[in-house]
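Structural overview for review
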Amino acid sequence: MASVLGTSTAILASRSLVSPSSKPATLPSISINPGKGYGRKLYGRTGIQGRKGRPRFQFAVTNVATEVNPVEQAQKLAAKESQRPVFPFAAIVGQDEMKLCLLLNVIDPKIGGVMIMGDRGTGKSTTVRSLVDLLPEIKVVFGDPYNSDPEDPEAMGIEVREKVTNGEELTVTMNKINMVDLPLGATEDRVCGTIDIEKALTEGVKAFEPGLLAKANRGILYVDEVNLLDDHLVDVLLDSAASGWNTVEREGISISHPARFILIGSGNPEEGELRPQLLDRFGMHAQVGTVRDAELRVKIVEERARFDKNPKEFRDSYKAEQEKLQQQIASARSNLSSVQIDQDLKVKISKVCAELNVDGLRGDIVTNRAAKAVAALKGRDKVTAEDIATVIPNCLRHRLRKDPLESIDSGVLVIEKFYEVFG
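An account of the accompanying structure is given in this report. (Residues numbered from 1 in each chain as written. Predicted model: local features only at pLDDT ≥ 70, side-chain atom pairs only at ≥ 80, totals over all residues. Heavy atoms only, no water.)

Structural notes on the pattern of salt bridges
Rules: Counted as salt bridges are all cases of a side-chain nitrogen of Lys or Arg within 4 Å of a carboxyl oxygen of Asp or Glu. Helix and strand definitions here come from DSSP, where helices need a minimum of 4 consecutive H or I residues and strands a minimum of 2 consecutive E residues; each element is numbered from the N-terminal end.
Under the criterion given, the structure shown has 22 salt bridges. In this structure, R369 and D108 form a salt bridge, with 3.2 Å as the shortest nitrogen-oxygen distance. Taken together, the residues span a long stretch of sequence, with R369 in helix α15 (residues 362–377) and D108 in the loop between α3 (96–107) and β4 (114–118) at a distance of 261 residues. Here the salt bridges share partners, and the residues they tie into one network are K378, R380, E386 and D387.

Written as structure tokens, this is what we have:
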């Protein structure tokens, strides 16, 4: 397995993808053409059909040139500069399995996140937080607390849907994908959202104050030491991860908002096991070990010392590699839909899952998605058996039934069964 991952990582690191051709910045505007129609609500590709007596609207998305607001640009730049400097992703030594899993989830968020388990002090949280610099920009409705997608009615908050229904034009902007940290000591009200006390006192009205799940919608929710998370917060995460929506019932207020996020967790298995219900919600599972090679350990120590001494200079030294990685991710995201996987390979993936007695079909689905993401990252439009070998241990390792008498690592069992089925 190590050789397979090493080969794949070498290919990913050495391959330089062509960046998309630069074009004038264009943002979509939504024009709404009212007409009459009856029937049930349809939240499909391009239209919403209202209830009886309600008008029917069609979404028409057109690309229009937009003026760049210099004030807004300056504010974003100032906010970025004032943030605490983050260790560059490209500067992280080793831990190729963990880095690959994170990149694949950025390329295809529907993989379902990644659980990272390993020894303390192995750079788990550092690697996850370094992902911030590589996250691409997405289209969001300006001023919306839920980062609503202007082109997908299923990913719109209630207020945005009402604007669309009333025929109002939506202001669209480009924002970077959010990464939200969920602290272990967070309260349920802070996570789900609660009553806006300020409005209640000053205006005498009941208003909803969005929580961390609202902020994480269409972004990344990161939980460090996830195996120590309180049970009531685990229940909240399970509910949102299953439905993609967060429903809040508080003091006479009932509100639902989209809460689709990439769930990333990290922890040390010595500190406690993760509940199996939550573990199954993670699309991939990466195991991290302490680096044993003396030269690599020295390099890691030296790189960390350089970063602590002068973070800006250290980040600038990796700027070219970071930009190259950003271009690879952007290219892979745009080409992902065109990647194909042969029927024969799909059957073999399902055969591996069946022979390993994997419960449910999440393992089959995630393995197919992750293999496509690997092919897209390598710049290909067809999945190979090598792509599947690269990701299948991470997709199935945490889904196997645990045998207390079994001493072999579950990832090794998966790769052995893979070679048995794939020949």
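Topic: helix α13 (residues 319–335)
As a reminder, the rule being used: Under the convention used throughout, the expected extent of a helix is 1.5 Å for every residue step, that is, one less than its residue count. Each residue is placed in one exposure class: buried if its accessible area under a 1.4 Å probe, protein chains only, is under 20% of its type's maximum, exposed if it is over 50%, and partly exposed if it falls in between.
The end-to-end C-alpha separation of α13 is 24 Å, in line with the 24 Å expected for 17 residues at 1.5 Å each. Those residues of α13 lying buried are Q322, L325, Q328, I329, S331 and A332.

Observations concerning the packing of helix α16 (residues 385–396) against helix α17 (residues 410–422)
For any two helices packed against each other, the geometry comes down to the angle between their axes and how far apart the axes lie. For the record, the criterion: Every axis in this analysis is a line fitted to C-alpha atoms, fitted for helices over the stretch in contact. Angles between the N-to-C directions lie between 0 and 180 degrees. Should the near helix be turned anticlockwise from the far one by less than a right angle, the crossing is left-handed, and should it be turned clockwise, the crossing is right-handed. Any two residues whose heavy atoms approach within 4.5 Å at even a single point are treated as in contact. For this classification, the nonpolar set comprises Ala, Val, Leu, Ile, Met, Phe, Trp, Tyr, Cys and Pro, the charged set comprises Asp, Glu, Lys and Arg, and every other residue, Gly included, is treated as polar.
With their axes 8 Å apart at the nearest point, α16 and α17 run at an angle of 145° to one another. Seen along the crossing, α16 lies across α17 with a hand that is right-handed. Residues A385, I388, A389, I392, P393 and L396 of α16 form the contact with α17, whose participating residues are G411, V414, I415, F418 and F422. Here the contact of α16 with α17 is composed, by residue class, of ten nonpolar, one polar and no charged.

Overview of unusual backbone geometry
The backbone of Q95 shows a phi angle near 50°, a positive value even though the residue is not glycine. If you trace the backbone, Q95 turns up in the loop between α2 (70–82) and α3.

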